[in-house]
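Structure assessment
Now for the letters of each chain:
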Amino acid sequence: MSARNRRLPRGHAWPLTTTDITEHLGPLMAHVKDLRFLSGHDSGTMVLDAYWVAPASRTYGGGVHPESVGFYVDVHTVPAARRAATRTLLRDQALPQLHAWLTQGLTATETWRLTPHQRYWHLTDDRLTHVEESR
């Protein structure tokens with residue numbers, strides 16, 4: 001399917017494919033609730049992000065449906081001319097880090113699992129960095 005039919009902005013492409021991610025994560029893909037390929041907005045330097053949706057506290061109302069608890073992964077668009085170089089960096093660096101983060105999360109303490117977490121990978125000047133946040 002062409003980028004136009006996927007509604008990507010002109011001159012943009014996804015740096016990874018479902019196959020790239022599935023090959024690197026292997027059996028861990030069973031723990032990924034949703035893999036999204038974002039197309040709508042400019043993500044700036046962000047090229048990949050993953051997050052853990054934690055169960056909400058039962059004492060404060062609201063709550064998260066139990067089927068929503070788990071890991072999610074988003075692939076952001078990059079300029080089409082940078083796709084190949086970005087793909088190489090993500091496959092060599094980010095996907096092994098994502099694998100380790102998911103593995104760590106699956107074996108984490110209850111405190112970690114009860115807190116939402118997010119990890120972002122940014123590409124700036126051909127250098128890939130990541131940041132982790134918890135709320």
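Criteria and cut-off values
- Residues numbered from 1 in each chain as written.
- Predicted model: local features only at pLDDT ≥ 70, side-chain atom pairs only at ≥ 80, totals over all residues.
- Heavy atoms only, no water.
- Salt bridge = Lys/Arg side-chain N within 4 Å of Asp/Glu carboxyl O.
- Helix = DSSP H or I, 4+ residues; strand = E, 2+ residues; numbered from the N terminus.
- Phe/Tyr/Trp six-rings, centres within 6.5 Å; stacked < 30°, edge-to-face > 60°.
- Buried < 20%, exposed > 50% of the residue type's maximum accessible area, 1.4 Å probe, protein only.

The next subject is the pattern of salt bridges. Counting across every chain of the model gives 6 salt bridges. Note that Arg91 and Asp20 form a salt bridge whose closest N and O atoms lie 2.6 Å from each other. Of the two residues, Arg91 sits in helix 2 (residues 83-106) while Asp20 sits in helix 1 (residues 18-25), which places them 71 residues apart along the sequence. Among the salt bridges present, the one from Arg119 reaches Glu132, with a minimum N-O distance of 3.1 Å. With a gap of 13 residues between them, Arg119 in strand 6 (residues 117-124) and Glu132 in strand 7 (residues 127-134) connect regions that are remote in the sequence. Each of the salt bridges in this network shares a partner with another, and the network as a whole consists of Asp20, Glu23, Arg87 and Arg91.

This part covers the packing of aromatic side chains. Under the defined criterion, the tally for this structure stands at 7 aromatic pairs. Aromatic side chains Trp52 and Trp112 sit 5.9 Å apart centroid to centroid with 40 degrees between the ring planes, which places their arrangement in the tilted category. Separated by 60 residues along the polypeptide, Trp52 in strand 3 (residues 46-53) and Trp112 in helix 3 (residues 110-113) bring together distant segments of the chain. Note on accessibility: Trp52 and Trp112 belong to one class, buried. Measuring from centroid to centroid gives 5.6 Å for Phe71 and Trp101, while their planes differ by 70 degrees, and the two rings are edge-to-face.

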